[in-house]
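# Results of the structural survey
Here is what each chain is made of, one letter per residue.
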Amino acid sequence: MAEKSSGQDSGNAGSNAMWGARFDRGPVEAMEGINSSLHFDRRLAAQDVRASRAHCRMLGKTGIISSEASSRILEGLDLIEKELADGSFPFDAKLEDIHMNVEARLAALIGEDAGRLHTARSRNDQVATDFRLWVRDNIDALDDGLKAFQGALIAQAETHADTIMPGFTHMQGAQPVTFGHHLMAYYEMARRDRSRLADCRERLNECPLGAGALAGTPFPIDRAATADALEFREPARNSMDAVSDRDFALEFLSALSIAAVHLSRLAEEIVLWSGPQFAFVRLSDSFSTGSSIMPQKRNPDGAELVRAKAGRIIGSLTGLLVVMKGLPLAYSKDMQEDKEPVFDAAGTFESCIAVMTGMIADLEVDKARMAEAANAGFLTATDLADWLVRSLELPFRKAHHITGSIVKLAEEKNCGLAELALAEMQKIEPGINADVFSVLAADKSVASRSGLGGTAPGAVRAAIAIARKELARKELE
Ligand code: ARG
């Protein structure tokens, strides 16, 4: 089809209609298979049309092509956009990639003027432009997902600003915290994830068009005009860098990898908390699955999959880093391998963030279980040591030692620190008085950590207020 419609074939049967003139034969099937990127880069179709439109308008305005040719091409691109939208665009894998598909279709629709669109352009600056536009569009979409996730965290944190739970280090009970505080830690991670994506967006926002194949173009193009039309901050400064740089894809994948690691850590906690050993939370039916053999099970498959998908996203980053590391300047076809990892990681992250947002929003918390765990395991031992320092003016190291002996005593008696008799504690340190009980319960411990960034309910509410303002502000940007 394309051979006829492009009007560029000169009889060398089977060779490519776009570049086949100096070839006698076309590629064998295996070569065609490995070379064709259409099955994945068709996802760049909208960006390809957008960038072609900007390039074409610029060619018309600068007089590099006639305004009649420019108008005809723009009309053809409009038709193509409609075909893409209604699904009637005739994709042809033999035409290698999306760029040649669009150009061949343009030729079929408007005839020979289609061949003028590629004036002062190469597929190398074209694909770099399309791909940057795609990543930019997707950063915006994923940022919306992260924002919704932050909203779900804030809502639960507000409900559970006073809910006491054990905080862990080394996966062992360490000090009591509030569940709201724990959740707001993930808000902070998501805040940095969004800021990393925003940085990536800012750095990628330079327009490669005009770089040509690698060396620039002899035509008097207006690079500022195309950059402007596509809402890039400025034209890329070096033509060789512009066509061979994939930092933006690597940065996007790095940002997604880090964000996916955050989701994975939360997923791991949900798996632990929802299991019968902890039983701190219950996942809603919407995010749980049953076992085909064990009727009692409510498996946290959603959380487990989010945990696993982080591995897949990190794999995409690693894969592309390895593709890029040995490439000389400027373009090599290796770089066609940049798209699948990026498409896959973006789609994977999108589903992870949606599932995680839903799981957090629906989470039911067993406050009694959490409080019970927070009051077991001597989690207020540090509070006791701090009390000895404050009230008896002991050096912390000595206070730590005395507390250790008191914990040992409680362990022997199989009771909590708050349940020890005053006289028993006084046998270990005579200076201890009844005021010590004001710090031995988990809620007291939590309430005392009321400074900025602390776990006290008031401090958590203050953090939530700041977060809410921040989210509302970002909404407007
Ligand atoms: N499909 C190619 C890619 O994704 C487009 C650029 C082809 N350039 C070339 N010189 N063969 O990288």
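Residues numbered from 1 in each chain as written. Predicted model: local features only at pLDDT ≥ 70, side-chain atom pairs only at ≥ 80, totals over all residues. Heavy atoms only, no water.

Further remarks concern the site of the ligand. In the vicinity of the ligand, the contacting residues are S37, D41, D97, H99, R123, N124, V127, Y331, Q336 and K339. At 2.9 Å from a nitrogen atom of the ligand is found a side-chain nitrogen or oxygen belonging to D97. At a separation of 2.7 Å, a nitrogen atom of the ligand approaches a polar side-chain atom of Q336. In terms of residue count, the dominant contributor to the shell around the ligand is helix α7 (residues 123–159) (three residues). Considered class by class, the residues forming the shell around the ligand number two nonpolar, four polar and four charged. (Near = heavy atom within 4 Å. Polar contact = N/O pair within 3.5 Å; in protein donor to acceptor, adjacent residues only side chain to side chain. Helix = DSSP H or I, 4+ residues; strand = E, 2+ residues; numbered from the N terminus. Nonpolar A, V, L, I, M, F, W, Y, C, P; charged D, E, K, R; others polar.)

Looking now at the pattern of salt bridges. The full count for this structure, using the stated rule, is 30 salt bridges. One salt bridge connects R468 with E158, and the closest N-O pair in it is separated by 2.4 Å. Placement of the pair is R468 in helix α20 (residues 457–476) and E158 in helix α7, with a sequence separation of 310 residues. For R468, a relative accessible area of 40% gives the class partly exposed. One salt bridge connects R233 with E206, and the closest N-O pair in it is separated by 3.1 Å. With R233 in the loop between α9 (223–229) and β4 (234–235) and E206 in strand β3 (residues 206–207), this residue pair connects regions lying 27 residues apart in the sequence. With relative accessibility at 39%, the residue R233 sits in the partly exposed group. By relative accessible area, E206 is classed as partly exposed at 22%. Linked by salt bridges that have partners in common, E202, E206, R233, E234 and R237 make up one network. (Salt bridge = Lys/Arg side-chain N within 4 Å of Asp/Glu carboxyl O. Buried < 20%, exposed > 50% of the residue type's maximum accessible area, 1.4 Å probe, protein only.)

Of the voids in this model, the largest pocket is the one considered here, and its volume is about 520 Å³. If you go around the largest pocket, you meet 23 residues; those closest to its centre are H181, M184, A185, Y186 and E188. Elements that contribute at least two residues to the lining of the largest pocket include exactly β2 (172–178), α8 (179–204), α11 (247–274) and α20. If one sorts the elements of the lining of the largest pocket by residue count, α8 sits on top with nine residues. Residues that form the lining of the largest pocket fall into these classes: 13 nonpolar, five polar and five charged. (1 Å grid on protein atoms, 1.4 Å probe; cavity = no way out; pocket = protein on both sides within 12 Å on 5 of 7 lines; lining within 4 Å. Points joined across faces, edges and corners; volume = space filled by probe spheres on them.)

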